[in-house]
Amino acid sequence: MLQHFDPNKDYGTPARVSENLVTLNIDGVEVTVPEGTSVLRALLKRTSTFLNCVPAITWKHSALAVSAQWKLKVAAAPCFLYHTCRKRHVCYYAEQQAGETAPQHHGAVHLRSPAGLSDLSSNGNCELQDVAGAVGLREVRYGFEGNNHLDAKKDESNPYFTFDPSKCIVCSRCVRACEEVQGTFALTIDGRGFDSKVAAGQDDGFLASDCVSCGACVQACPTSTLMENSVIERGQPEHSVVTTCAYCGVGCAFKAEMKGNEVIRMVPFKDGEANRGHSCVKGRFAFGYATHDDRVTEPMIRDSIDQPWKKVSWEEAFSFAAGRIKDIQAKYGRESVGGITSSRCTNEETYLVQKLIRAAFGNNNTDTCARVCHSPTGYGLKTTLGESAGTQTFDSVMKADMVMVIGANPTAAHPVFGSRLKRRVREGCGLIIADPRTTELVKSPHIIADHHLKLRPGTNVAFINAMAHVVITEGLEDKEFIANRCDNTAYNKWREFISEERHAPEQTEDITGIPAAEIRSAARLFAAAPNAAIFYGLGVTEHSQGSSMVMGIANLALATGNIGREGVGVNPLRGQNNVQGSCDMGSFPHELPGYQHVADDAIRGRFEASWGVTLDNEPGLRIPNMFNSAIDGTFRGMYCQGEDIAQSDPNTNHVDQALRSLDCLIVQDIFLNETAKYAHVFLPGASFLEKDGTFTNAERRINRVRQVMPPLSGMADWEVTMALSNALGYEMNYSHPSEIMDEIATLAPTFKGVSYDRLEELGSIQWPCNDAAPEGTPTMHIENFPIGLGNFAITEYVATEERSTRKFPLLLTTGRILSQYNVGAQTRRTPNQAWHDEDVLDLHISDAEMRGISDGDWVGISSRAGDTVMRARITDKVQPGVVYTTFHHPGSGANVVTTDNSDWATNCPEYKVTAVQVVKVNSPSSWQQNYQNFDDQQQDFLKQGRESVSQ
Amino acid sequence: MGNATLSSLIKMVNQIADNNVHVGTADDAANAVASHITRFWARPMKQQINEYLNEGGEELNDIARQAVTQLQK
């Protein structure tokens with residue numbers, strides 16, 4: 001019989017890698033496995049039916065390690081396993097094969113099934129029922145009299161799943177999933193013997209516990225004890241589609257399990273190469289926004305933002321938008337319009353938007369939200385390593401001996417990677433955290449960082465220079481790597497620079513606030529590790545020296561030889577799902593797709609030949625330049641796809657002024673977001689469940705995004721862009737997103753080998769994918785750099801202009817939390833609100849006491865840019881002098897306070913350093929009152945638009 | 001372009017200069033700044049900073065001034 005490969009087959013225990021192979025004889029058939037493989041996994045190589053046996057339940061989960069009592073080490077000797085249980089397992093398997101039942105297992109099922117098998121969920125999702133069926137169990141031997149757990153109360157506190165202890169067999173899988181897969185240790189088995197039960201936290205319920213709702217326990221549960229509420233309410237899914245999550249840059253693969261066109265649940269895909277079967281609360285559960293009532297699914301137009309919306313046909317919307325853009329260009333010139341691509345949209349959609357701007361608008365005024373997050377990564381890594389991307393896979397961290405996390409909070413912002421990192425640290429990997437705040441990685445169950453370098457906001461470059469100074473002056477550098485792989489002229493110049501005494505930790509201590517001895521110790525640990533990796537986030541890039549810091553990180557990795565193999569590298573943790581892809585696709589105003597500069601005549605010539613137009617050879621405007629030009633009156637029209645610049649960009653008052661200055665703002669989005677309130681044309685967008693295309697995650701992995709349901713508006717986003725382009729007079733004619741990818745492959749050398757067929761064949765591809773690397777490049781720079789030799793860059797520390805003063809004595813830094821995503825447009829429309837329904841200001845108790853502020857008080861936050869009001873939360877997670885907040889809720893006005901200071905090289909905003917004063921208040925700020933009035937007005941205009949008759 | 005753009009351009013070019021002071025000599029630094037502007041600034045931005053220099057460029061620091069002067073050659 002033909003054996004089909006089942007990508008979802010659960011092999012029970014993780015795969016082992018070993019050069020030593022062991023051959024087993026199972027029921028007369030030889031099976032060869034690597035040494036260290038569990039018996040269960042070996043048996044499953046032979047058949048899939050073995051899982052239907054009782055002993056398998058307690059340890060069948062591919063993400064969990066084999067527990068001690070069951071661990072069966074495969075010896076290097078041929079054929080034999082040494083474990084007392086082996087014979088029983090193999091015999092049992094033989095019995096099953098012969099069609100016999102296994103009565104010796106009935107008792108186990110009875111004892112562990114307090115609800116009785118017939119009462120377990122009949123939704124086809126209960127392994128215990130499957131087991132009972134496999135062993136022929138039909139009767140409940142012990143009846144329902146006597147002690148039982150039938151009346152145990154359900155825990156329905158979590159908005160996404162229910163814990164029904166009456167169905168629990170106390171197998172501990174959920175506890176182990178929480179520990180081993182997620183690394184949160186929120187669950188335990190409470191009590192002994194018959195009283196033993198699963199408890200969340202101190203038995204205070206899932207919602208009140210440390211549970212992060214990743215769903216690992218739900219997935220691991222072999223009964224229906226832990227069950228998604230959506231399955232309880234709507235029944236078992238009928239079919240599924242494998243696609244890619246649209247939240248953070250980890251790019252988790254999920255099975256969207258469906259009933260008709262309705263998503264019942266999202267299950268992390270075990271073969272997902274980025275997530276390896278794990279998930280976080282956002283990807284696993286927070287997908288309800290896709291069908292939220294707030295979705296706007298019909299095009300709308302209006303002449304002015306002071307008017308109600310008018311519902312129109314697609315044709316009229318395109319005609320109106322194109323007419324406005326043409327009129328503006330006729331009056332104010334070709335360069336008076338531009339656009340913003342989306343890091344939430346697919347590569348194909350992003351490619352089309354920048355193509356429309358360059359070819360149909362006729363200028364290079366295209367930019368993307370990476371401008372406000374990782375543009376310094378592009379600049380810094382291209383300058384030093386020759387490519388604007390991270391160097392590794394996420395799997396690579398499992399070979400690291402030392403990890404330094406700088407300005408990142410992966411357990412909140414990149415949770416699935418955060419769990420992987422914690423697992424590696426529990427295995428013994430060293431950990432250095434450089435962050436002004438005390439994040440979960442500094443100290444949490446079974447995790448204690450070797451060093452928490454609690455630097456002052458804005459002093460990153462002084463810190464990284466001090467680290468490199470120790471490495472060089474103490475002779476800890478990798479001389480062989482430097483000699484063979486790096487530009488020695490640049491190195492010698494940098495060596496002289498970094499060796500200067502002013503970079504010594506003792507000299508920078510007063511700047512960074514990090515004790516010199518701690519820097520020296522951390523630098524020695526980092527340099528001494530066989531494999532040392534650096535992971536960083538927006539705490540590196542969103543500074544006035546973001547690009548310098550990225551280069552400083554690359555300098556350190558080069559100096560210590562930590563580039564070009566697994567377990568090392570420079571790893572930017574990208575914020576949004578397709579930030580990497582939007583940059584790859586030519587969204588920046590100076591680069592065509594594939595990071596090819598617009599001024600290069602040969603490169604531009606290839607694009608001109610393909611696109612059939614003459615392209616501008618000068619870079620275009622960046623987002624902040626567009627805003628300034630709008631205020632000055634020279635920039636009048638903008639096409640914005642899938643971004644909410646009115647909420648996400650700094651200095652809200654400035655952005656408000658710029659958007660109000662536009663004659664035509666075209667917004668394409670799934671909701672009437674903050675930016676759309678300033679728009680004249682609204683084009684309905686498609687959620688990720690409605691998309692067909694690809695996303696590229698933080699490890700350069702191109703993943704397929706498969707359409708789960710048809711676009712609610714009737715048009716895919718790429719079709720909308722194409723139609724707008726055609727209305728503008730520049731013809732686009734694609735019939736499927738695969739054709740767009742084929743075009744990308746012909747123009748971007750790093751994508752040369754990428755196609756939908758290859759993606760189906762390989763599952764995913766990490767670029768560069770070309771003739772030299774036909775299956776992609778998991779680890780970059782193994783033998784050489786795209787620029788030949790690694791380039792050490794001079795990174796002088798230049799203090800930011802944003803300094804604390806008597807008027808603004810505190811430093812505000814902003815960031816993200818686990819349950820909300822970016823501007824919150826998606827997660828605020830899900831039950832994730834249960835965890836974070838407002839932004840709050842974290843401040844240290846000493847700063848609070850000095851101001852008479854108590855926990856929960858309303859506080860006014862003022863900076864030189866503006867004022868807003870939030871509730872205060874007293875915490876020791878921030879150091880004295882530093883306050884922290886998030887920007888997930890528009891009414892909180894976090895970005896009213898942030899300034900338009902930015903990175904010197906890329907204009908990435910300095911979100912992480914704003915000098916502020918905090919005082920106790922009792923009413924909203926004037927900005928908040930104005931915002932509320934504007935929001936009320938725009939919601940009313942939307943309501944009128946929805947009720948209008950389509951023209 | 002008016003004041004919003006010009007004031008930001010002056011700040012940008014001075015900031016680029018401050019971050020390139022240590023790449024070598026003053027000439028090296030000015031070259032780096034000029035190269036950066038050439039590669040990353042839009043045409044209207046280049047034109048405006050040139051005009052500002054022609055009008056005196058009072059708020060440009062030394063390296064920035066030298067760099068913008070180079071752009072005009």
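Residues numbered from 1 in each chain as written. Chains lettered and ligands numbered in written order. Predicted model: local features only at pLDDT ≥ 70, side-chain atom pairs only at ≥ 80, totals over all residues. Heavy atoms only, no water.

### Quick word on the domain arrangement of chain A
Residue and element names in this part refer to chain A.
- On domain assignment, one finds that chain A holds domain 1 (3-99), domain 2 (161-291), domain 3 (300-372 + 578-700 + 707-750), domain 4 (375-572) and domain 5 (810-920).
- Between domain 2 and domain 5, the C-alpha centre-to-centre distance is 31 Å.
- Every contact between the two is made by 11 residues of domain 2 and, on the other side, 11 residues of domain 5.
- The junction of domain 2 with domain 5 conceals about 970 Å² of combined surface from both sides, 68% of it contributed by carbon and sulfur atoms.
- Considering only the surface of domain 2 that becomes buried against domain 5, Y247, K282 and Y289 emerge as the three largest contributors, covering 45% of it.
- Viewed at the interface, domain 5 and domain 2 are joined by 3 residue pairs in polar contact (both at pLDDT 80 or more).
- A breakdown of the residues in the side of domain 2 that touches domain 5 according to their chemical character gives 8 nonpolar, 2 polar and 1 charged. (Domains from an automatic or database assignment. Contact = heavy atoms within 4.5 Å. Buried area = accessible area lost by both parts, 1.4 Å probe. Polar contact = N/O pair within 3.5 Å; in protein donor to acceptor, adjacent residues only side chain to side chain. Nonpolar A, V, L, I, M, F, W, Y, C, P; charged D, E, K, R; others polar.)

### Focus on the pattern of salt bridges
All names here are of chain A.
- Under the criterion given, the structure shown has 52 salt bridges over all chains.
- For E477, the salt bridge goes to R495, with nearest N and O atoms at 2.9 Å. You can see E477 sitting in the loop between α15 (460-473) and α16 (479-485) and its partner R495 sitting in helix α17 (residues 488-499), a full 18 residues away along the chain.
- Judged by its relative accessible area of 29%, R495 falls in the partly exposed class.
- Through salt bridges with shared partners, a single network forms among E228, K255, E257, R265 and R284. (Salt bridge = Lys/Arg side-chain N within 4 Å of Asp/Glu carboxyl O. Helix = DSSP H or I, 4+ residues; strand = E, 2+ residues; numbered from the N terminus. Buried < 20%, exposed > 50% of the residue type's maximum accessible area, 1.4 Å probe, protein only.)

### Observations concerning empty space enclosed by the protein
Residue and element names in this part refer to chain A.
- As enumerated under the stated definition, the model contains 12 cavities of 30 Å³ or more in all.
- Put simply, the largest cavity is a space of about 640 Å³.
- Where the lining of the largest cavity is concerned, the elements lending two or more residues are α13 (410-413), α20 (538-541) and β29 (810-815).
- With 3 residues, the single largest contributor to the lining of the largest cavity is β29.
- Among the residues making up the lining of the largest cavity, the classes are represented as 20 nonpolar, 18 polar and 8 charged.
- What the second largest cavity holds in volume is close to 200 Å³. (1 Å grid on protein atoms, 1.4 Å probe; cavity = no way out; pocket = protein on both sides within 12 Å on 5 of 7 lines; lining within 4 Å. Points joined across faces, edges and corners; volume = space filled by probe spheres on them.)

### Section: the packing of helix α11 (residues 347-361) of chain A against helix α28 (residues 737-747) of chain A
Residues and elements named next belong to chain A.
- Direction vectors running N to C along α11 and α28 enclose 65°, while the axes themselves pass 9 Å from each other. The angle between α11 and α28 places the two elements in the roughly perpendicular class. α11 and α28 meet at a crossing whose hand is left-handed. Side by side, α11 and α28 meet where N347, E348, Y351, L352 and K355 of the first sit next to P737, I740, M741, E743, I744 and L747 of the second.
- When grouped by side-chain class, the residues that make up the contact of α11 with α28 number 7 nonpolar, 1 polar and 3 charged. (Axes fitted to C-alpha atoms, helices over the stretch in contact; angles between N-to-C directions. Parallel < 35°, antiparallel > 145°, perpendicular 65-115°, else oblique. Left-handed = near helix turned anticlockwise from the far one by under 90°.)

### Notes on the nonpolar core
Residue and element names in this part refer to chain A.
- In terms of nonpolar packing, the biggest core is built from 87 residues, with F206, L226, V403, L431 and V918 touching the most fellow members.
- Among the elements that line this core, the one with the most residues is helix α14 (residues 415-426), at 4 residues.
- The contact partners of L226, leaving out residues within four places of it in the chain, are F161, T162, F163, C174, F206, C217, V218 and C221.
- One finds V353, C664, I702 and L728 within the second-largest nonpolar core, a separate group that totals 64 residues. (Core = buried A, V, L, I, M, F, W, Y, C linked by side-chain atoms within 4.5 Å.)

### A short note on the sheet that holds strand β10 (residues 300-301) of chain A
Residue and element names in this part refer to chain A.
- Strand order in the open sheet formed by 7 strands is β11-β10-β25-β24-β23-β12-β13, with mixed pairing between adjacent strands. Either end of the sheet is taken by a strand with one partner, and the two such strands are β11 (310-311) and β13 (366-368).
- By the bridge criterion, 3 bridges tie strand β12 (residues 337-341) to β13 in an arrangement that is parallel. Bridge assignment links G339 to a residue of β13, and that residue is T366.
- Across the face of the sheet, helix α10 (residues 314-332) comes into contact with β10, β11, β12, β23 (637-641), β24 (664-669) and β25 (681-684) while running at roughly 135° to β25.
- Running over the sheet, helix α27 (residues 717-728) touches β23, β24 and β25 and is turned about 160° from β23. (Pairing = 2+ DSSP bridges.)

### Focus: the sheet that holds strand β26 (residues 693-696) of chain A
All names here are of chain A.
- The strand order across the open sheet formed by 3 strands is β26-β27-β28, and the pairing between neighbours is antiparallel. Looking along the sheet, the strands with just one partner apiece sit at the ends: β26 and β28 (764-766). Going across the sheet, the axis of each strand differs from the next one's by a mean of 30°, ignoring polarity.
- By the bridge criterion, 3 bridges tie strand β27 (residues 701-705) to β28 in an arrangement that is antiparallel.

### A short note on the interface of chain A and chain B
- With 36 residues of chain A at the interface, the matching set in chain B holds 25 residues.
- Together chain A and chain B conceal approximately 2400 Å² of surface at their shared face, both sides included; 49% is due to carbon and sulfur atoms.
- When residues of chain A are sorted by the area they lose upon contact with chain B, E618(A), D632(A) and W904(A) head the list and together hold 23% of the total.
- Between the two partners, chain A and chain B, sit 3 salt bridges.
- A salt bridge links E335(A) to R43(B); its shortest N-O distance comes to 2.3 Å.
- The tally of links from chain A across to chain B stands at 14 residue pairs in polar contact (both at pLDDT 80 or more).
- Listing elements by their share of the side of chain A that touches chain B, those giving two or more residues are α17 and α24 (623-632) of chain A.
- It is α24(A) that provides the largest number of residues to the side of chain A that touches chain B, a total of 5 residues.

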